[in-house]
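# An overview of the molecular structure
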Amino acid sequence: MTMSQPARSETIARTLGALSREGFRLFFPMAAIHAALWPFLWVIVFNFNLPFASSIPPGIWHVHEMIIGTFGAALIGFITTSVPEWTDTKRLRGNSLLALAALWAGARFFGLFGVTALDALGAVCDILWLGALVAYLVSISIRKRTTWLSAFVFWIGALMVTEAVTRYAFLDIATHADLAQRAARLAGFVFLGILGVALARVSVPITNLVLDPSEETSPFRPHPGRINLAPGLVAVLVLAEALGLSDATAGYLFIAAGAAFMDRIAEAFIGRKIIHAEILALVGSSAFAGLGLILIGLAQLGAPISEYAGLHLAFMGGLGLGVLSIFAIAGLRHTGRALGLVRETRFAMLLVVAATLLRVVPEIWPTAFLPSPPYFAVSLVWAAAFLLWLRVYWPFFREEPRQDTPSAEVGSR
């Protein structure tokens, strides 16, 4: 029996109402769909190109769409969900979230085919939603008289600046191709800074939940020096890259920032409970980000290593696994479910790891079996990871919040 038109319309309206209740319900699925769709289109459908004549280099556009598109949607969902919890303020919902979604989706639509004539409209949309996030954080900081959100204000503001420079360069790409490439690359490093801040907020409550599911105690306390070390050193290397310092200087800064991410792994040594998927996923995100930055540093110091291998290790592995981990953890806690990832979610995380290694390893150790990255396989495995997560969590996001398990924060104060 087919559903009647009024019933179908009512179902759509009910689903849209549920999705617009909180930021994560709307933007995490949007980010997952974009993460799965864009690499597939770019590699398999567009054949590493853009379907219409465009002066924008496809490789730069690909990086831009992954950072500002996929990870940007994840950022909107994270900020609009976590900040109200941290500050005890009213969460954005309804039309406010839908307006942000329209801006983000508008930029993706205008830029999907890389048509230069539409790029200005996409630029306006992306800069507007980034500016809206900064304004949202600043307004709450002023209202609550707190500086606790200042790290996110700084990093999202920096992301908005890199996006503005990238879009400016796109308008006259023949003259500013190098500037566009540098700015798009800097946006990825800025996002690593955001990742460092987010992991510092998320890993503490998650580790405590693993150690004491009753939430009656907080046995884990992070080392104060590790909280801001990684994002702080990423800020230094971003400044060095923006100022155009020598490759040697930047190389050592990359290695230092990578070592800071690797240092965060030490906080995961909590005994036998380290084997929990939630802990291992957060550790894996730091490890990929750290190793990627170290490889970039070694390449800039003259080691015979492809810098692209380091970039993909940091962006695909570090950001990709970090984003999927937050999707999985927040998706449980904010729908009133206890911590504990099901088999399909754990497998989705392994698929992100597999896609990253398939992309990176052939560039570091090419063999007769894999002389170069198998791009088609990488895009399919990467897409499968996010679609599998979405398949598991979509029913949770469409339903009303459960009442049997209290919702918990994604991060901690």
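For every chain, the first residue of the written sequence is number 1, and numbering continues from 1 onward in sequence order. In keeping with the predicted nature of the model, local features appear solely for residues at pLDDT of at least 70, side-chain atom pairs appear and are counted solely at 80 or more, and the whole-chain, interface and lining totals rest on all residues. With hydrogens and water stripped out, all remaining heavy atoms of the structure feed into the side-chain values.

Attention now goes to the overall build of the protein chain. Each helix is a run of H or I in the DSSP string that is no shorter than four residues. Each strand is a run of E no shorter than two, and both are numbered from the N terminus. Check the secondary structure of the protein chain and you find 14 helices and zero strands. Here the C-alpha atoms of the protein chain give a radius of gyration of 21 Å, agreeing with the 22 Å that 2.2 N^0.38 yields for 413 residues. The C-alpha extent of the protein chain, read off along each of the three principal axes, is 55 × 55 × 50 Å. Across the 413 residues in the protein chain, those meeting the buried criterion constitute 54%. Taking as baseline every contact in the protein chain between residues at least 6 positions apart, the subset at least 24 positions apart corresponds to 79%. Counted charges follow a simple rule, with Lys and Arg positive, Asp and Glu negative, and His plus the chain ends left uncounted. To locate a charge, take atom NZ for lysine, CZ for arginine, CG for aspartate or CD for glutamate. Put simply, the protein chain has 29 plus and 25 minus side-chain charges, and the middle of one group is 7 Å from the middle of the other. Radius of gyration here uses only the C-alpha atoms, and the compact-globule reference equals 2.2 Å multiplied by the residue count raised to the power 0.38. Three labels apply to residues, based on accessible area from a 1.4 Å probe with only protein chains included: buried if under 20% of the type maximum, exposed if over 50%, partly exposed otherwise in between. In what follows, residue pairs with any heavy atoms lying within 4.5 Å of each other are defined as contacts.

A few words now on the environment of G72. Among the structural elements, G72 can be located in helix α3 (residues 58–87). When its relative accessible area of 0% is taken as the criterion, G72 is described as buried. C-alpha separation for the pair G72 and L130, spaced 58 residues apart in sequence, amounts to 8.7 Å. Ignoring any residue separated from it by four or fewer positions in sequence, one finds G72 in contact with I67, W104, W129 and F191.

Along the polypeptide, G244 turns up in the loop between α9 (229–243) and α10 (247–264). Residue class for G244 comes out exposed when judged on its relative accessible area of 51%. Between the C-alpha atoms of G244 and L41, which are 203 residues apart in sequence, the distance is 34 Å.

We now examine the packing of aromatic side chains. Stacked, tilted and edge-to-face are the three classes assigned to paired rings of Phe, Tyr and Trp, where Trp is represented by its six-membered ring and a pair needs centres within 6.5 Å; plane angles under 30 degrees give stacked, over 60 edge-to-face, the rest tilted. Scanning the model with the defined rule gives 22 aromatic pairs in all. Note on W38 and F46: the rings are 6.5 Å apart at their centroids and 70° apart in plane angle, and the pair reads as edge-to-face. An identical accessibility class is assigned to W38 and F46; each is buried. Geometrically, the ring pair formed by W389 and Y393 is stacked, given 5.2 Å between the ring centres and 20° between the ring planes. Within this pair, W389 and its partner Y393 are both found in helix α14 (residues 375–398), separated by four residues, close to a single helical turn. By relative accessible area, which is 1% here, Y393 ends up buried.

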